[in-house]
Amino acid sequence: MDTQALQKLHDLLLQSTSNDTGLVKTATAQLNQEFYKQPQCIAGLAQIIGNSPEQAVRQLAAVELRKRVSQNSGNLWTLLDQNSRQEIKTQLPNLILNESNKLVRHSAARVIAAIASIEVSNGTWNELLPFLQQTCQSPDVNHREVGSFILFAVLESIVEGFQLNALYSLFGQLVNDPESIEVRITTVRSLGVIAQYIEGDDKAAINAYRALLPSIFNVIGEAVASANEAGARHLFDVLETLLILEIPILGKNIPELVEFLLRCGGDTSYDDDLRVLALNALNWTVQYKKSKVQSLDLAAQILQGLMPVTTEDEPEDIDDDAPSRSALRIIDGLATNLPPDQVFVPLRNLILEFFRSADPSHRRGAMLALGVSVEGCSEFMTPLMDQIWPFIEAGLQDGDATVRKATCIAVSCLCEWLEEPCVAKHQILMPRIMDLINDPVTQKSACTALDALLEILHEHIDQYLQLIMTQLAGLLQTAPISVKAVVTGAIGSAAHASKERFIPYFQPTISVLANFLTLEGDGEETELRGITMDAIGTFAEAVGKENFRPFFPDMMAQAFNGLEMGRARLRECSFLFFGVMAQVFGEEFAPYLGRVVPALIESCKQLEQGEEQSAELIASAAQAFSSGASPTEPINVTDVDVNGNPVVELEDVDLEKMLDVNSAVAVEKEIAADTIGTLFAATKTHFLPYVEQCTLELVELLNHYYEGIRKSATDSLLQLVRTFYEIGEPTKWVAGRNVAVPLEAPVRDLIEHVLTPLLDMNETEDNKSVVSALCMGLAETINTVGPAFLETKLEVICEVAIQILEQKALCQQDPDQDDDDVAPEYQAEYDSVLISSAGDLVAAVANALGADFQPAFQRFYPLIAKYYNKNRSLSDRSSAIGCLAEIISGLKGAITSHTLPLAELFHKALADDEAEVLSNAAFATGLLVENSDVDLSAQYTPILAALRPLFDADDNSPSPRLNAKDNAAGAVARMIVRNVNALPLDTVLPIFINALPLKTDYLENRPVFRALFHLFRVNGAALYPYMDRLLQVFAVVLDPSAQDQVGDEIRAELIHLVTAINAEEPAKIQAAGLSAFLIGA
């Protein structure tokens, strides 16, 4: 480029840095038209970097040079003559060494990286690595800072062509640089890059890298201790990279890493923001290295370090992070990822210790820790609740308001996950919570606790409903908006619990709440409006469509208004409302589909934060993430384009923040996807015009980064299949591998369009809740559609279940778990949910295939049976026996060859300590007796002995005990039908008949009444002494005002029996109140 052109290029760049928009636009146009399309501009920009006296011009020249080199895959660079390219490669590194401004050095380093990405891979810049090695080892600390940063920038652009193993020695020096923290930080960032290219079988590289880990930890610690926030953020990003890699770099250093992060996170002398970074890294460690944390039993140490942090102050704004919140998040992660005995046992001891403290902050921390642990440890906690309730009761009456509020939060969590123990304590909890609602200080937290308690109170709400509604109605008038929101939610829960008993309160309450639907402000007003919409939907479910009908059009209009206000939270609430209305009004909702479905589809299609490439977003990101303080900060801190606007590179943006999976938009899309399936199920054929488009949109969402959306899309897609099948009023399918009742072509096509992408998603799905939803959805769909659903995908679907049962599914693996690691028997409770869902899937396949499942059962039996042993959780043991029972139900007589091992396993399960297991064991035993061709009469005596304790439950026993009693009655009934002569009726019948009527499991009425009918036919005299009792039972199950307990078939046969008894004993029938049921009555 000649001198005149070079000067013009320089002047235009200088003009581009002006604050005058007009001058900038003019310069931009000239640069684009006269220079930036010509290869020689690259040489000119390189000269300006070396010669311009203006720092801003040198900076802009470097930014534009990188763009010109990189654009169109390097085409403009390769069009530049060879001599010019060689001159730039020779001179630019030295120019950077002599550059006084760090920002210019950084931008120029990015130019070298861009050139290297083209030249190194072609083998035409062999001088670069020796230069970098020499510079990084220079005695001049400034040169080392420049060299290490250029090396980092180059590695980010291109790793191929470098012998990475040869760099470890150099990195070992740089990461321990005695003079410059910048060199040390930049080196750790380089190590973060190359870690991603280490092969799993490269033991030398892994060992060399591991040797540097103590130094890496030291550098992170230095950054935190010196309050170098920008550097610390980069370093913790590296640490997260190491945690998620599928190579075992960190495995042996996990104890050291945990201790280091606890020390950083717990040191109150450090800046809170940096402590949060350390604690977040500890949370990643728990998430990504679960198996190591579990096998090394580190939970107790982690909890010991976290509990003091939970006592620290929390910020007022719920969106602000703080060490205390991070600590509670980790406790939650421990509870949901590890076996509960490793977590709750040490945590319980710490909670008791902290709650006894005279310091209220310790008592508050103890309550909050209890609350967050419940979700993952609820099953384990259940038998321990007697030890916990005294502290809950004391916390609700604590002299410190913060402790009372924390206890309300703990009560909310307990109610959500431990329904039965909380309901049993309602007479203690309700008065205490209502007292706290009267206190303005605790009002909001107490309303949240009340909301959770009301959700589970059911028939017990009767004694409180008037008091609750009177008190809450007053708060709707007087409380601040934030309190009105939780009060409204609590009223919705009261309606949910009381159902038709809410009718007297319905109209006065909806009249008040309707005013909240006119709110248009942001923040608290939006939240109150949204919760009001949810509550009114609950009212409709409670009072029924006829009572709600007068309000239906107006409330739909308000929901549509919410859609148009441009707020994701209100759109989410409107979608939920549409789903509820469709369920309440059924096909009457159809006229609204033309407005509702397009809105749902639009929501599913919308872009989210991180996908929008608007100038406003880019500018705000640049402002948020750029300050230009040091080389350890984002390289683009003052990068500007020719228009003077900030330039943001993808690698420089906090993607985790931009792709916030908890964003309101993501939650809105999750609800929208879920609502689609609900609408089709409710409106039936009216939804048919929308099925194809909705299916396409839902399939697209299976690839979404947010697991909640993938789960909702999975659920809705399978709901679409079930509904599409059912509206065709198909002939009932016949079990068997060969499809006896073919599907209609449209149903078959829809299944193909849905099932293939679902199974493809599963191949890469790493979230347990999504896989669990897939298994349960597949199971329900198989049970609905039958063997035709399995016709082309049977082996793949079976393999999904096999992988989970073998604990080899992708979502069950840790990134660095060794292939030969044996999965531990005792798992987190969430892992047990996944195992149970796989069992449901296997049982559904057995149900659809019938006897043809028998060969497959030979493989599945040991996989399922292993989950019943003493070291397994209650959930594992219960679901294993329950799954086998359902398989027997599907196989029927084909189970015969497995009779003896199953009988032995079920007999062992009948001695279990837990009622839930006993219930399933009794059910399974009865099914085995009923279906096997092997005559088990000789085993009746030990079976009866094992069942006998299950009948000792009385009406006040916990629900699981009553359920076990019902299933024991069902088992005895099946034994009676199979071989009544093998039973000692004189001892069996008193116990059996006294167990009637059944209390919870009404499905077992089918075998119970079959047995009674059989006895009346073959040995009626044996039943005569119990006639009065039996007639009382008949009156209960035939009561038309009560829930149907027997079904139409049994009811009809029972009425025939009652009529026959009336011919012999009319007085008894009349005394039992059965005369109205006589045929001809």
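Scroll up for the structure.
Along each chain, the written sequence defines residue order, and numbers are assigned to residues from 1. The model is predicted, so local features are restricted to residues of pLDDT at least 70 and side-chain atom pairs to those at 80 or more, both for listing and for counting; the totals for chains, interfaces and linings are taken over all residues. Only hydrogens and water are removed before side-chain values are computed, so all heavy atoms of the structure are retained for them.

A. Focus on the overall build of the protein. Helix numbering and strand numbering both begin at the N terminus, where a helix is a DSSP run of H or I of at least 4 residues and a strand a DSSP run of E of at least 2. Secondary structure summary: the protein contains 52 helices and 0 strands in total. In terms of overall dimensions, the protein is globule-like: its C-alpha atoms have a radius of gyration of 35 Å, near the 31 Å expected for 1081 residues. Here the protein holds 1081 residues, and 56% of them are scored as buried. Of the contacts formed within the protein by residues at least 6 apart in sequence, a portion of 73% connects residues at least 24 apart. Total accessible area computed for the protein in this model is approximately 44600 Å², and 49% of it derives from carbon and sulfur atoms. Only four residue types enter the charge count: Lys and Arg as positive, Asp and Glu as negative, with His and the chain ends excluded. For this purpose, a charge sits on NZ of Lys, CZ of Arg, CG of Asp or CD of Glu. Treating the 77 positive side-chain charges of the protein as one cloud and the 146 negative ones as another, the clouds have centres 2 Å apart. Note on method: radius of gyration uses C-alpha positions; expected globular size equals 2.2 Å times residues raised to 0.38. The rule is simple: take the accessible area with a 1.4 Å probe, protein chains only, and divide by the maximum for that residue type; under 20% is buried, over 50% is exposed, in between is partly exposed. Here a residue-residue contact requires only that any non-hydrogen atoms of the pair lie within 4.5 Å. All accessible-area figures derive from a Shrake-Rupley calculation using a 1.4 Å probe, and residue coverage is judged against the displayed protein chains alone.

B. How the structure looks around the packing of aromatic side chains. Between the rings of Phe, Tyr and Trp (Trp by its six-membered ring), a pair exists once the centres lie within 6.5 Å; its type follows the angle of the planes, with under 30 degrees stacked, over 60 edge-to-face, and the other angles tilted. The tally for this structure, following the rule as stated, stands at 22 aromatic pairs. Between the aromatic rings of F506 and F548, the centroid separation amounts to 6.0 Å while the plane-to-plane angle is 35°, which identifies the pairing as tilted. With a gap of 42 residues between them, F506 in helix α27 (residues 503–513) and F548 in helix α29 (residues 545–548) connect regions that are remote in the sequence. Residue F506 is classed as buried on the basis of its relative accessible area, which comes to 2%.

C. Structural view of the packing of helix α49 (residues 1005–1023) against helix α51 (residues 1047–1064). α51 packs onto α49 with a crossing angle of 30° between their chain directions and a minimal axis gap of 11 Å. As summarised for this structure, α49 and α51 are arranged roughly parallel, according to the angle between their axes. Regarding α49 and α51, the two cross each other, and that crossing is left-handed. Contacts from N1005, R1006, F1009, F1013, F1016 and R1017 of α49 reach α51 at I1050, E1053, L1054, L1057 and I1061. In this count, Pro and Cys sit with the nonpolar residues alongside Ala, Val, Leu, Ile, Met, Phe, Trp and Tyr, while Asp, Glu, Lys and Arg are called charged and the others, Gly among them, polar. Looking at the contact of α49 with α51 residue by residue, the class counts come to 7 nonpolar, 1 polar and 3 charged. Axis definition: a line fit to C-alpha positions, over the contact stretch in the case of helices; interaxial angles, taken between N-to-C directions, run 0 to 180 degrees. Orientation categories follow fixed angle ranges, with anything under 35 degrees roughly parallel, anything over 145 roughly antiparallel, 65 to 115 roughly perpendicular, and all other angles oblique. Each helix crossing is assigned a hand: it is left-handed if the near helix lies turned anticlockwise from the far helix by less than a right angle, otherwise right-handed if that turn is clockwise.

D. Representation of unusual backbone geometry. Along the chain, L996 connects to P997 via a cis peptide bond; the corresponding omega equals -5°. Although it is not a glycine, N72 sits at a positive phi angle of roughly 50°. By the secondary structure assignment, N72 is in helix α4 (residues 55–79). One non-glycine residue with positive phi stands out, namely Q807, at about 60°. Relative to the assigned elements, Q807 resides in the loop between α40 (794–805) and α41 (829–849).

E. Main features of helix α21 (residues 401–417). Here α21 contains 17 residues, and its C-alpha end-to-end distance of 25 Å stays within 8% of the 24 Å for a straight helix at 1.5 Å per residue. Along α21, the residues classified as buried are A401, V403, R404, A406, T407, C408, A410, V411, S412, C413, L414 and C415. Those residues of α21 that are buried lie in contact with α18 (340–355), α19 (360–381), α20 (385–396), α22 (419–424), α23 (426–437) and α24 (443–457). The length a helix should cover is 1.5 Å for every residue beyond the first.

F. Up close: a nonpolar patch on the surface. Residues forming no salt bridge and having over 30% relative accessible area are the ones grouped into patches, like charges within 9 Å of each other and nonpolar side chains (Val, Leu, Ile, Met, Phe, Trp, Tyr) within 5 Å. Basic side-chain nitrogens of Lys or Arg form a salt bridge, by our definition, when they fall within 4 Å of a carboxyl oxygen of Asp or Glu. Together, W417, Y830 and V833 line one region of the surface with nonpolar side chains, adding up to about 250 Å² of accessible area. Structurally, V833 can be placed in helix α41. Judged by its relative accessible area of 40%, V833 falls in the partly exposed class.

G. Fine view of the packing of helix α32 (residues 593–605) against helix α35 (residues 664–683). Closest axis-to-axis distance for the α32/α35 pair is 8 Å, and the angle between their directions is 145°. As for the relative orientation of α32 and α35, their crossing is left-handed in sense. Together, L593, V596, V597, L600, S603 and C604 of α32 and E668, K669, A672, A673, T675, I676, L679 and T683 of α35 make up the contact between the two elements. For the contact of α32 with α35, a count of residues per class yields 9 nonpolar, 3 polar and 2 charged.

H. The arrangement of helix α42 (residues 854–865) in detail. With 12 residues, α42 should cover 16 Å at 1.5 Å per step; its first-to-last C-alpha distance of 16 Å lies within 8% of that length. Among all positions in α42, only Q854, F857, F860, Y861, L863, I864 and A865 are buried.

I. Seen up close, the environment of Y197. Inspection of the secondary structure puts Y197 in the loop between α10 (181–195) and α11 (203–225). With a relative accessible area of 40%, Y197 lands in the partly exposed category. With near-sequence residues (within four places) excluded, Y197 lies in contact with V159, E160 and L164.

J. View of the environment of Y168. With respect to the helices and strands, the residue Y168 is situated in helix α9 (residues 168–174). For Y168, a relative accessible area of 8% corresponds to the buried category. The sequence separation of Y168 and A211 amounts to 43 residues, and the corresponding C-alpha distance is 9.6 Å. In this structure, Y168 is in contact with I194, I198, A205, A208, Y209 and L212, ignoring residues within four places of it in sequence.

K. Seen up close, the pattern of salt bridges. Taken as a whole, this structure holds 47 salt bridges when the rule is applied. The partner of R569 in a salt bridge is E527, and the shortest N-O contact between them spans 3.0 Å. Here R569, found in helix α31 (residues 568–585), pairs with E527, found in helix α28 (residues 524–543); they are 42 residues apart in sequence, far enough to count as distant. A salt bridge links E1053 to R1017, with the nearest nitrogen and oxygen atoms 3.5 Å apart. You can see E1053 sitting in helix α51 and its partner R1017 sitting in helix α49, a full 36 residues away along the chain. Linked by salt bridges that have partners in common, K545, E546, R549 and E588 make up one network.

L. The nonpolar core, seen in detail. Definition used in this section: a nonpolar core is a set of buried Ala, Val, Leu, Ile, Met, Phe, Trp, Tyr and Cys residues joined via side-chain atoms within 4.5 Å. Formed by 380 residues in total, the largest nonpolar core has its most connected members in F548 and F1034. The residues touching F548, leaving out its near neighbours within four places in the chain, are F506, I510, I536, A540, V543, M555, F577, M581 and F585.

M. Just the environment of E312, in detail. The topology assignment puts E312 in the loop between α16 (299–310) and α17 (323–337). In this structure E312 comes out as buried when scored by relative accessible area, which is 18%. As a C-alpha pair, E312 and V770 span 458 residues in sequence and 35 Å in three-dimensional space. Apart from the residues lying within four places of it in its own chain, the contact partners of E312 are T268, R275, P323, S324 and R364. Polar contact is the term for a pair of N or O atoms within 3.5 Å; when the atoms are in protein, one must be able to donate a hydrogen and the other to accept it, and sequence-neighboring residues count only if both atoms are side-chain atoms. Within polar-contact distance, the side chain of E312 engages the side chain of R275 at 2.6 Å.

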